[in-house]
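Structural overview for review
Next come the chains, spelled out residue by residue.
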Amino acid sequence: MTVSKIASFMTYSELNKNQVIRLQGSWIVRNLAVLKDSLDSFPFHKLKDLPGCLVIDARKIDDIDMGGSVALSDLIQQVKELGLSVKIEMSDYVKEHLTLSEKFVGNLPEKSIQSPLYLRKLESIGQQTIEIKNLNLHILSFLGEFFTRLVQVFIVPKNFRFRSFFKHLDVVGLKAIPIVTLISLLIGIVLAYQGITQLSRFGAQIYTVNLLGLGILREVGVLLTSIVIAGRSGSAFTAEIGMMVMNEEVNALKVMGLSPFYLLILPRVLALTVALPLLAFWSDIIALIGGAIMMNWLMDTSFVQYKNQLLGAITPTAFWVGMVKAPFFGFIISFVGCFEGMKVKATSESVGIHTTKSVVESIFLIIVLDAFFSILFAYLGI
Amino acid sequence: MEKPVIVIKDLVNKFGNQLVHDHIDLTIESGEVLGIVGSSGSGKSVLVRSILGLQAFKSGSVSLLGHDLNKLDYKENKKILQKVGVLFQSGALFSSLTVLENIQVPLKEQVEVPEPYLTQIALQKMIMAGLPIDAAHKLPSQLSGGMIKRAALARALALDPEILFLDEPTSGLDPIAARSFDALVRQLQRTLKLTVVMVTHDLESLYLTCDRVAVLLRKKIMVGPLREIVEVKDPWVQEYFSQLHTRLKMKKMYKERK
Ligand SMILES: Nc1ncnc2c1ncn2[C@@H]1O[C@H](COP(=O)(O)OP(=O)(O)OP(=O)(O)O)[C@@H](O)[C@H]1O
Ligand SMILES: [Mg+2]
C-alpha cells in the first residue's frame, strides 16, 4: 500500500486494487483558494493507469458549505471525465450541501463572437463621429432651452427662483472670498517679486507697478478667479445635479411638470454669472495689495508712491478689458457644470467622470475664450 | 445548547430629542429565524444598524457572535463580518458594477476565491436568489425593483454567512416570488443552519418562515413565538395581526366591495 499526501484536504491511497481519494478538513468558501491549489496539484492523470474501482471518500470532511461544495463538485466532475467508475461515500451532512449547491448551477451566456480588429477600429471611429454629432446637438438644444427659459423668466419673473438664486450667490460668491483672497494675495506677491528682480537690473524697478497694474487688471485677476471657481463651484454643480439625476430626483421634478431649468439650472448659472465679476474685482484689488506689500518690503516704495505710480500706469480701459470677460467666464463655468451634471448616468463612476470633465472643459473653454478676447481687443486696438 | 449569536442589553438609541429605543433587550439564538415587525419609523432598521456596528448608540451593549463590534480592531472585525450577510432595505448595490461583479465583491475581497469558482459561485447565488442568467451583466440601474432585491440577496448570501440580516426582503416582490423566497429562507435555514434576522411587513412571510417574532412598539420590544405574540392584549398588535387575510376571507371581501 502506498500513501501519498497531496495536501491536508486530499489524500490518495491504493487499497486492494482500489484507489481511494480521501477528503478531509474544512471544505468551506474561505478555504477555496487552498482547495483549488490542492485540486490543481492532484495527479489526476495517474489515476488512469490503474484498473479497479475508484472511491472518493468524503466522510472525513469536518465542515462544508455551499461555496466549498463547488470545489467538491469540481473534483467529482474531473474524476468522472477520466471515464473511470467512481463510487462516492459521504455523510448526509455533506450530501445535503452538495445537493443544494448542485441544484443551482448555470453557465454565463457566451460572449458574442468578436469581429476582426480593423472592423472594430472602423466601427469605433464611426461611433465616435456619431457621438460628437449627438453631443453637439445636445449642447445646442441645452443652450437653446436655457435661453428660452431665460427669456421666459424675464417675461414672467415669478417663475424665477429668487431664494435659490441668492442661496447659490452666497455659496459660490460670498463663501468663495477667503480662498480667492488668499490666492490673489500670494500671486500679487509672486508677480511683484519677479518684476522687481528682473527690472532692477535696468534700474527700472518702479515700473514693476506698471507691470502689475496692467497684468493683473487685464488678465491675471479674472483668469485666476475663474480657475479657482471652476475647481470649486463648477465641480460642485456637476456633482449636485449628477446625484439628483442618479436618485431620479430630476425625474421626480419632471413628472411634477417642473422644469429642471427653472429650479436647478437658471439659479445656478445666473448666480455664478453675477458672482464671478464681483470676485474678479475683489481679486484685482487684493492682488494689487499683495504687490504693494512686496514693493514696500523689498524696495521701500511707500504706499502713496505705489498708488501714484499705479494711477499713472493704468486706464479705466485696462480695468474694463479684464472685467468684461468675467461674466462670460462665469457663464461658461456654470453652464458646463450644469450640462455635465445632467449627463450623469445612474452609476457613481459617471459622477466622477463628469465632474472631472466639467472642470477640465470649463478651464479649457475659459482659456480659449480669453485668447479670443485678446485677438478681438488687438483688432479693436484696445 | 449553543451560545446565542446576538445579545442586546439595555440598548438606547436617540436622535436629537427623538428617543427611538428605550432600554431594550434582545437575544437571538443560533439557527433561528427571527422576524422583526413594527410600524414604519419604529426603529427596525436602526436596530439592525446598531447590531451591525453601523450606528453609534447612546448606551447599552450589543454583541455579535460574542464580540462587541465597536471594540474590535480592523482585522478581528473583518473576521466576524465574514460570517454575516446583509440585505439592505434599499438594496445598496454598487452602482458602477454589474450584478455578477456585485456578488463577486465579497467573494473576492473578503476571502479571495479564485477563478473559476468565483464565477461559478456568483452564478449559483444568482440562480438561488431567482435571478435570470441574462441579468448577470446588467448594471443595478438597469434592473427592476424586485430584481434589485434579489441581486442584493444573492450578494448577502455569497459567503454562506452564519447570520443573515434581511431588511424587508419581500417588499417589491410579486406574491409568487415572495413565497418562493420564504421557501428559500426555510431551506437555507434547515440545510445550512443559518440564523436569520428578518425585518418585514409581510405577514404571510412572517407566518411561513419565522420561529420567533420581535415587535417594536412604543420604543420597547416584545419577543416571543408567533402564537404567543398574536395573543398579546394590545390594540396595535391585535390590529397588526388581524391584517392577514386568508384566501376565503379575501374572496368574501372582494364580493362585498362596492
Ligand atoms: N440618521 C438618523 N438621524 C436622525 N433620525 C433618524 C436617523 N435614522 C433614523 N432616524 C429616525 O429613527 C426612526 C426609526 O427609523 P427606522 O429607519 O429604523 O424606521 P423603520 O422601523 O425601519 O421604518 P420602515 O418600516 O419604514 O423602514 C425614524 O423616526 C427616523 O426618522
Ligand atoms: Mg426600515
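Residues numbered from 1 in each chain as written. Chains lettered and ligands numbered in written order. Predicted model: local features only at pLDDT ≥ 70, side-chain atom pairs only at ≥ 80, totals over all residues. Heavy atoms only, no water.

**Re the overall build of chain B**
- A tally of helices and strands in chain B yields 10 helices and 9 strands.
- For 258 residues, the compact-globule formula gives about 18 Å, and the C-alpha radius of gyration of chain B, at 19 Å, lands near that figure.
- Across its three principal axes, chain B shows a C-alpha extent of roughly 55 × 50 × 40 Å.
- Evaluated residue by residue, chain B yields a buried proportion of 52% over its 258 residues.
- Within chain B, contacts between residues at least 6 apart in sequence are counted, and of these 64% link residues at least 24 apart.
- When the accessible surface of chain B is summed, it comes to about 12600 Å², and 54% of that surface belongs to carbon and sulfur atoms.
- Where the 34 positive side-chain charges of chain B centre and where its 28 negative ones centre are 5 Å apart. (Helix = DSSP H or I, 4+ residues; strand = E, 2+ residues; numbered from the N terminus. Rg over C-alpha atoms; globule rule 2.2 N^0.38 Å. Buried < 20%, exposed > 50% of the residue type's maximum accessible area, 1.4 Å probe, protein only. Contact = heavy atoms within 4.5 Å. Areas by Shrake-Rupley, 256 points an atom, 1.4 Å probe, with all protein chains shown as cover. Lys, Arg positive; Asp, Glu negative; His and termini not counted. Charge placed at Lys NZ, Arg CZ, Asp CG, Glu CD.)

**Some thoughts on the coordination of the magnesium ion (ligand 2)**
- At this site the magnesium ion (ligand 2) is bound by Ser45 of chain B (OG) and Gln89 of chain B (OE1), with donor distances of 2.0 to 2.4 Å. A residue pair is termed long-range when its members are at least 10 positions apart, and serine 45 of chain B in helix α1 (residues 44-51) and glutamine 89 of chain B in the loop between β5 (84-87) and α3 (99-110) qualify at 44 residues. (Donors = N, O, S within 2.8 Å, 3.2 Å for Na, K, Ca; no water.)

**Here's the deal with the domain arrangement of chain A**
- Assigned domains within chain A: domain 1 (2-104) and domain 2 (144-380).
- With centres defined by C-alpha atoms, the gap from domain 1 of chain A to domain 2 of chain A works out at 69 Å. (Domains from an automatic or database assignment.)

**Overview of the sheet that holds strand β8 (residues 212-217) of chain B**
All names here are of chain B.
- The sheet built from 6 strands is open, its strands ordered β5-β6-β7-β3-β8-β9 with mixed pairing. Looking along the sheet, the strands with just one partner apiece sit at the ends: β5 and β9 (220-225). When the angles between neighbouring strand axes are averaged without regard to direction, this sheet yields 15°.
- Along the sheet, α1 makes contact with β3 (33-38), β6 (163-167), β7 (195-199), β8 and β9, crossing β3 at roughly 135°. (Pairing = 2+ DSSP bridges. Axes fitted to C-alpha atoms, helices over the stretch in contact; angles between N-to-C directions.)

**Re the site of ligand 1**
Residue and element names in this part refer to chain B.
- Within the structure, ligand 1 sits among 15 residues, and Gln18, Ser40, Gly41, Lys44 and Ser45 are positioned closest to it.
- Residue arginine 49 places a side-chain N or O atom 3.5 Å away from a nitrogen atom belonging to ligand 1.
- Histidine 201 has a polar side-chain atom sitting 2.9 Å from an oxygen atom of ligand 1.
- For ligand 1, whose free accessible area comes to 630 Å², the fraction covered by protein is 64%.
- Each residue belonging to the shell around ligand 1 can be placed in one class, and the counts come to 3 nonpolar, 9 polar and 3 charged. (Near = heavy atom within 4 Å. Polar contact = N/O pair within 3.5 Å; in protein donor to acceptor, adjacent residues only side chain to side chain. Nonpolar A, V, L, I, M, F, W, Y, C, P; charged D, E, K, R; others polar.)

**Some thoughts on the side chain of glutamate 340 of chain A**
- Take glutamate 340 of chain A: it is sitting in helix α13 (residues 325-342).
- When neighbours within four sequence positions are excluded, glutamate 340 of chain A is seen to be in contact with Thr238, His354, Lys357, Ser358 and Glu361 of chain A.

**Here's the deal with the packing of aromatic side chains**
- Taken as a whole, this structure holds 19 aromatic pairs over all chains when the rule is applied.
- Aromatic pair phenylalanine 142 of chain A and phenylalanine 261 of chain A: ring centres 5.0 Å apart, planes at 50°, arrangement tilted. A residue pair is termed long-range when its members are at least 10 positions apart, and phenylalanine 142 of chain A in helix α5 (residues 117-155) and phenylalanine 261 of chain A in helix α10 (residues 260-299) qualify at 119 residues. In this structure, phenylalanine 142 of chain A and phenylalanine 261 of chain A share a single accessibility class: buried.
- An aromatic cluster of three or more residues is present, and its members are Phe142, Phe146, Phe147, Phe261, Phe331, Phe335 and Phe339 of chain A.
- Across from the ring centre of tyrosine 262 of chain A, 5.3 Å away, lies the NZ or CZ of arginine 149 of chain A, which sits over that ring.
- For the cation-ring pair, arginine 155 of chain B lies above phenylalanine 94 of chain B, with the distance from its terminal atom to the ring centre recorded as 4.7 Å. (Phe/Tyr/Trp six-rings, centres within 6.5 Å; stacked < 30°, edge-to-face > 60°. Lys NZ or Arg CZ within 6 Å of the ring centre and 35° of its normal.)

**What to know about the environment of valine 185 of chain B**
Residues and elements named next belong to chain B.
- Take valine 185: it is sitting in helix α6 (residues 175-192).
- Residues valine 185 and leucine 208, spaced 23 residues apart in sequence, show a C-alpha to C-alpha distance of 9.7 Å.
- Residue contacts for valine 185: discarding those within four places in its chain leaves Leu166, Val196 and Thr209.

**Looking at the nonpolar core**
Residues and elements named next belong to chain A.
- Core analysis: the biggest nonpolar cluster contains 84 residues, and Leu23, Trp27 and Leu75 have the highest contact counts within it.
- Excluding residues within four positions of it along the chain, leucine 23 makes contact with Phe9, Met10, Ile56, Asp57, Ala58, Lys60, Ile61, Leu72 and Leu75.
- Core analysis: the next-biggest nonpolar cluster, separate from the first, contains 40 residues, Val180, Phe261, Ala271 and Phe335 among them. (Core = buried A, V, L, I, M, F, W, Y, C linked by side-chain atoms within 4.5 Å.)

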